[in-house]
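Residues per chain are reported as follows:
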Amino acid sequence: MSKNLVIVESPAKAKTIEKFLGKNYTVKSSYGHIRDLVKKNYGIDIENNFQPEYMVMPDKKKVITELKKEVKNADLVLLASDEDREGEAIAWHLYEVLDLKNKNTKRIVFNEITDTAIKNAVNNPGDINLDLVNAQQARRILDRLVGFELSSVLWKKVQSKLSAGRVQSVAVRMLVEREREIINFIPETYFKLIGEFDIFDKNRTTSVLLSELSEKLKDEKDVLSFFKEINNAEFIISQVETKPGKRSPAPPFTTSSLQQEASRKLGFPVGKTMTVAQKLYENGHITYMRTDSFNLSDVAINTAKEFIIKEFGKEYHSKRIYKTKTKGAQEAHEAIRPTYIQNKTVSGSYDEVKLYDLIRKRTIASQMSDAEFEKTNIVIDFKHPEYTFETSGEVLVFPGFLKVYTEDSYFKKETELLPPVKIGQIIQLNEINAEQKFTKHPSRYSEASLVKQLEDKGIGRPSTYAPTISTIQNRGYAVKESRNGVEKEILHLIYKTDKNITKKILLKEVEAEKNKLFPTDIAMVVTDFLIENFDNIIDFNFTANVEKEFDDIAEGEIVWYKMIEKFYKEFNQKVQTTLKDAERNTGERILGLHPITGKQISVRIGKYGPIVQSGTIGDNDNLQYASLNKDHYIETISLEEAIEILENSGNGKFLGVDTETGKNVYARFARFGAIVQLGETGEKDDKPKYAGLIKGMTIDTITLKEALKLLELPRYIGDFENKKIIAAVGKFGPYISHDSKFVSLKKTDNPLNITLERAIELIEEKRISDEKRIIKEFTENSDVKIIKDRWGKPCIFYNKKYIRINPKTNPETLNLSECLKLIEAEMPLKKTNTKKPVTKNKKKK
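Residues numbered from 1 in each chain as written. Predicted model: local features only at pLDDT ≥ 70, side-chain atom pairs only at ≥ 80, totals over all residues. Heavy atoms only, no water.

**Q** I keep staring at the overall build of the chain and nothing clicks. Help me out?
**A** Along the backbone of the chain there are 21 helices and 34 strands. In the chain, which comprises 845 residues, the share counted as buried stands at 46%. Contacts in the chain between residues far apart in sequence, at least 24 positions, make up 66% of those at least 6 positions apart. Looking at the chain as shown, the accessible area adds up to about 46300 Å², and 48% of this sits on carbon and sulfur atoms. (Helix = DSSP H or I, 4+ residues; strand = E, 2+ residues; numbered from the N terminus. Buried < 20%, exposed > 50% of the residue type's maximum accessible area, 1.4 Å probe, protein only. Contact = heavy atoms within 4.5 Å. Areas by Shrake-Rupley, 256 points an atom, 1.4 Å probe, with all protein chains shown as cover.)

The following block contains the structure:
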């Protein structure tokens, strides 16, 4: 038995490390954090220097029991969780829970999982850094206090089940402020003029030179005036300037820059980038992936040098030392890089291979020479007092780092070759194309650009970016989606001579958005409320300063609980004052009066989201409500749009009248999706009939004929084995029922016209499928079966319940008595009205 125990936080990491340490070491995993703050009283003793009260997570009790057994048999325990603050905290919690005070316990750290790094860490162990632990603990406690107390205010003053957080709410504020910039943006029109010139060489060979007017023109009138001014003008090359240029490679990846580049080049969301990078790290392919350092080790720099010289030559190498801007670069000591640069690829999933390739090429490029260009600027004069035509281009002279890491923008510029010209050369104007343009509103944030903004403002740290962005989406403050643009008429004026001016109007889609973050109405209401009542908490500078104080705690410069004490006293007073004095905020906006009914029309946040409302609370007549869709914001919707939504709500879209019953037929949205309805909403004596829409039907396109067909469901198809077959649409889609059993229809089947023959075919297919699932049946009790569940795992099926079987147990060897014992043990955990299993043909006691 090995005498040395190594504990890491990930089973994949444990498996990789075990390869390097040999038989004298046992490597076990804690499966992440093992303790968290208790829920009661926030898990914080506020009166006693904010001392935390921890509890072992329920799903980690078994892990702790197993680790304690391993600890008893070990002479040396090495805590080898990640080297950042979270990792240090995990090591400390293990030290406390496993009672390692009386054991020979050491802390080892490494930022890459390689043979050399692991053995070097084992040979140079240290102690747990309590300053790093306190920094993590301070963050956790402060975030718990802010999150819980702000959330309780939002529940009472805005809407239930809302959440807030120190970093989360600042990120939401960024989205809201950007959206309002876009809402308030007024586009301005202008014209961009491109001249097409013919250039003749001494052999009368023609080349084409495209050149842009030095200034933009405001409107059509200015363009036409300019065209008159240049009539009969002579165009002469007045300036040709050629000068060298260069571009330097970007530094190796930090967490933030990796998330941004993986989003731009691979289309990865930030959460996916971190998941894939974690796998690469745990399998020993890259260094630690949560870092804000640009630094590369001497070994990495020298290895890169050898590779570059061998592959490309000495002229392609340039040693570079990058300085980290972030104070302390506390998350790790090195940038993200491959552990073995010479490995061109790795074994793993497609995503792992692509991300590894990106990291490797960026690392190599960071130690390569500049890319060299020859830049040429050409000016065309035509004796106008204000304007000239200007063009520029560049030719790649030496690729340098672009040999490995090609940027799209660089590649395009490399192909922009200009024809040879000389000063004083007269050139011939072919035409001028004046294209109407519109100024663009600020771009909405993508996940990657929001990460960059958070980093630029010093908000959060590498370990918090991805969770923050996931949280604001999961909590309903933002949606990530692509949206179509709007079609605009674009005016083109094409000049050949003053008597030959062509005018064209073309339709062009503008302002389309791809995978952008859109704030929701509730995000806007909550942000306004927090700015009004807690402006300092979601202030960018405050949040950044808190991060600096966490850094100071990590450096041992300040005491963690004093930092929290200084903040909490004023914050808690503000919470109490807000709960007492602040008015409830629903973001209500009064739009005006209905032109027919005279009722007030308003929009606000309702119980389940943004709504438009007709009437006011207290009116004798009933209020009317309708939900807003994603295309409307509370603060931008117009009175006309609100009235239209109200008119299309309630019964929904009117399709026509059923000739048999004389009732109206509507299509509308209900709680679980789109439905058709026969009759009026609110009828007491004769309630409406409903039916769900099937795939391919929408509220906008469904016809009266189709709606009436749906309302005929459930539909009798015919008999099979003397029992009826019924076609219907349920909560989970179209199906047929027969003999109290249900069979889902295939995508190609339609409940409105499925034939008896096809229905029987589906029933028999289902029987064969069910038979294959059965592992064992019992003649003495047909209610109990051992079957495979939908994932192919064996379980006991009884009373429509699935009871798991221990994976180590062979299901075919279980007898009825053993199955009943498993059922008896499981059923009390279910609903109290569950039937107790009774063996058939057994006398009642």
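**Q** Can you help me understand a negative patch on the surface in this one?
**A** A cluster of acidic residues, Glu215, Glu229, Glu386 and Glu390, forms a negative patch at the surface. Mapping glutamate 386 onto the fold places it in the loop between strand S12 (371-381) and strand S13 (389-398). (Patch = residues over 30% accessible without salt bridge, like charges linked within 9 Å, V, L, I, M, F, W, Y side chains within 5 Å. Salt bridge = Lys/Arg side-chain N within 4 Å of Asp/Glu carboxyl O. Lys, Arg positive; Asp, Glu negative; His and termini not counted. Charge placed at Lys NZ, Arg CZ, Asp CG, Glu CD.)

**Q** How should the sheet that holds strand S8 (residues 104-107) be read in this particular structure?
**A** Each strand in a sheet pairs with another by means of backbone hydrogen bonds, the pair being arranged parallel or else antiparallel. The parallel open sheet is built from four strands, whose spatial order is S2-S1-S7-S8. Looking at the sheet topology across the chains shown, the edges are occupied by strand S2 (25-29) and S8. Sheet twist, expressed as the average angle between the axes of neighbouring strands with direction ignored, equals 20°. Bridging between strand S7 (residues 76-79) and S8 involves four bridges; their strand directions are parallel. The residue bridging leucine 76 from the neighbouring strand is asparagine 104, located in S8. Packing of helix H3 (residues 85-97) onto the sheet brings it into contact with strand S1 (4-8), S7 and S8, and relative to S8 it is tilted by some 170°. (Pairing = 2+ DSSP bridges. Axes fitted to C-alpha atoms, helices over the stretch in contact; angles between N-to-C directions.)

**Q** Please clarify how the environment of valine 743 should be interpreted in this entry.
**A** Positionally, valine 743 belongs in strand S30 (residues 741-744). We classify valine 743 as buried; its relative accessible area is 9%. The spacing of valine 743 and glutamate 765 is 22 residues in sequence and 9.4 Å in space, taken between C-alpha atoms. Residues in contact with valine 743, not counting those within four places in the same chain, are Tyr735, Ile736, Leu762, Ile763 and Lys766.

**Q** Looking at this structure, how should I read the packing of aromatic side chains?
**A** The relation between two aromatic rings is expressed through the spacing of the ring centres and the mutual angle of the planes. For the structure shown, the criterion picks out 22 aromatic pairs. Between phenylalanine 382 and phenylalanine 389 the ring centres are 5.5 Å apart and the planes differ by 45°, which places this aromatic pair in the tilted class. Residue classification places phenylalanine 382 among the buried residues on the basis of a relative accessible area of 6%. On the basis of an interplanar angle of 70° and a centroid distance of 5.6 Å, the ring pair of tyrosine 735 and phenylalanine 742 is categorised as edge-to-face. In this structure tyrosine 735 comes out as partly exposed when scored by relative accessible area, which is 23%. Phenylalanine 742 gets classed as exposed once you look at its relative accessible area, which sits at 53%. (Phe/Tyr/Trp six-rings, centres within 6.5 Å; stacked < 30°, edge-to-face > 60°.)

**Q** Can you help me understand empty space enclosed by the protein in this one?
**A** A water-sized probe rolled over the atoms picks out the places where empty space is left. Enumeration according to the criterion identifies two cavities of 30 Å³ or more in this entry. Roughly 40 Å³ of internal volume is contained in the second largest cavity. Around the second largest cavity, the lining residues are Ser163, Gln168, Ser169, Val172, Tyr477, Val526, Thr527 and Leu530. Secondary structure elements with two or more residues in the lining of the second largest cavity: helix H6 (168-184) and helix H15 (521-533). For the lining of the second largest cavity, the class distribution of residues is four nonpolar, four polar and no charged. (1 Å grid on protein atoms, 1.4 Å probe; cavity = no way out; pocket = protein on both sides within 12 Å on 5 of 7 lines; lining within 4 Å. Points joined across faces, edges and corners; volume = space filled by probe spheres on them. Nonpolar A, V, L, I, M, F, W, Y, C, P; charged D, E, K, R; others polar.)

**Q** In this structure, what is going on with the layout of surface pockets? I would like to understand it.
**A** Roughly 1400 Å³ of volume is contained in the largest pocket. Around the largest pocket, the lining comprises 32 residues; the ones closest to its centre are Lys741, Lys766, Asp770, Phe797 and Tyr802. Mapped by element, the contributors of at least two residues to the lining of the largest pocket are strand S29 (733-738), S30, helix H20 (756-773), strand S32 (785-788), strand S33 (794-798) and strand S34 (801-804). At six residues, H20 tops the list of elements feeding residues into the lining of the largest pocket. By residue class, the composition of the lining of the largest pocket is 11 nonpolar, six polar and 15 charged.

**Q** Teacher, can you tell me more about the confidence of the model for the chain here?
**A** Parts of the model with low pLDDT should not have their predicted coordinates read in detail. Residue-level pLDDT values for the chain average 85, and 88% of them are 70 or greater. The model gives residues 327-332 a pLDDT under 50, and that stretch makes 25 contacts with residues more than four places away or in other chains. Counted against residues more than four places away or in other chains, residues 409-415, with its pLDDT under 50, gives eight contacts. (pLDDT = per-residue confidence, 0-100.)

**Q** How should the sheet that holds strand S28 (residues 723-730) be read in this particular structure?
**A** Strand order in the open sheet made by the four strands is S27-S28-S29-S30, with antiparallel pairing throughout. Both edges of this open sheet fall to strand S27 (715-720) and S30, since each of them pairs with a single strand only. Between one strand and the next, the sheet's axes are offset by a mean angle of 30°, whatever the strand orientation. Where S27 lies against S28, five bridges are found, and the strand directions are antiparallel. From the neighbouring strand, tyrosine 716 faces S28, where its bridge partner is isoleucine 726. Packing of H20 onto the sheet brings it into contact with S27, S28, S29 and S30, and relative to S27 it is tilted by some 65°.

**Q** Before we go on, may I ask you to explain the side chain of threonine 114 in this structure?
**A** You can see threonine 114 is positioned in the loop between S8 and helix H4 (115-123). Using a relative accessible area of 3% as the deciding quantity, one classes threonine 114 as buried. Polar side-chain contacts of threonine 114 include one of 3.2 Å to the backbone nitrogen of alanine 117. Excluding its chain neighbours within four sequence positions, the residues that come into contact with threonine 114 are Phe20, Thr339 and Tyr340. (Polar contact = N/O pair within 3.5 Å; in protein donor to acceptor, adjacent residues only side chain to side chain.)

**Q** Is there a simple way to think about the nonpolar core in this case?
**A** As a rule of thumb, soluble globular proteins bury nonpolar side chains together. Counting 120 residues, the largest nonpolar core has Phe110 and Leu355 as the members making the most contacts within it. A per-element tally of this core places helix H5 (residues 130-157) first, with 10 residues. The next biggest cluster of nonpolar side chains, apart from the first, holds 26 residues, and it includes Phe382, Tyr387, Leu429 and Tyr495. (Core = buried A, V, L, I, M, F, W, Y, C linked by side-chain atoms within 4.5 Å.)

**Q** Would you take a moment to explain the packing of H5 against H15 for this structure?
**A** Helix-helix packing is characterised by the crossing angle of the two axes and by the distance between the axes. Interhelical geometry of H5 versus H15 gives an angle of 115° and a closest axis separation of 12 Å. It follows from the interaxial angle that H5 and H15 lie roughly perpendicular. Both H5 and H15 take part in a crossing whose hand is right-handed. On H15, the residues that touch Leu150, Val153, Leu154 and Lys157 of H5 are Val526, Phe529 and Leu530. Looking at the contact of H5 with H15 residue by residue, the class counts come to six nonpolar, no polar and one charged. (Parallel < 35°, antiparallel > 145°, perpendicular 65-115°, else oblique. Left-handed = near helix turned anticlockwise from the far one by under 90°.)

**Q** So what exactly am I meant to see when it comes to H5 here?
**A** Side chains that are three or four residues apart share a direction in an α-helix, a result of its 3.6 residues per turn. With 28 residues, H5 extends 40 Å between its outermost C-alpha atoms, agreeing within 8% with the 40 Å of an ideal straight helix rising 1.5 Å per residue. Its side-chain oxygen 3.0 Å from the backbone nitrogen of aspartate 131, asparagine 129 forms the N-cap of H5. (Expected span 1.5 Å × (residues − 1).)

**Q** Would you mind showing me how to read helix H17 (residues 560-581) here?
**A** Relative to the 32 Å expected for 22 residues at 1.5 Å per residue, H17 spans 32 Å between its end C-alpha atoms, a close match to the ideal helical length. At tyrosine 568, H17 shows its largest bend, some 30°. In this fold, the buried residues of H17 make contact with strand S5 (51-52), H5, H15 and helix H16 (540-554). (Bend = angle between axes of the 7 residues up to and from the residue.)

**Q** Even after reading the chapter, I still don't get the pairing of strand S18 (residues 513-519), so can you show me in this structure?
**A** In the case of a regular strand, side chains alternate between the two sheet surfaces. Within S18, five of the seven residues are buried, which leaves it mostly tucked inside the rest of the structure. Sheet topology places strand S15 (residues 478-483) next to S18; five bridges connect them, and they run antiparallel. Looking across to S18, one finds that glutamate 481 is bridged to lysine 516.

**Q** Where do I start with the pattern of salt bridges in this structure?
**A** Between side chains of opposite charge, pairing is possible as soon as their charged atoms come close. This structure, assessed with the given rule, holds 44 salt bridges. Measuring nitrogen to oxygen at the nearest pair gives 2.9 Å for the salt bridge that ties glutamate 88 to arginine 107. Remark: arginine 107 occurs in strand S8 and glutamate 88 occurs in helix H3; sequence separation between them is 19 residues. For the pair formed by glutamate 88 and arginine 107, the shared burial category is buried. Across the pair arginine 767 and glutamate 721 runs a salt bridge, and its minimum N-O distance is 2.7 Å. Note that arginine 767 is positioned in helix H20 and glutamate 721 in the loop between S27 and S28, a separation of 46 residues in sequence. Relative accessible area serves as the criterion here: at 46%, glutamate 721 is assigned to the partly exposed category.

**Q** Quick question: what am I supposed to make of the side chain of serine 169 here?
**A** The residue serine 169 is located in helix H6 in this model. In contact with serine 169, other than residues within four places in its own chain, are Ala164, Leu530 and Ile538.

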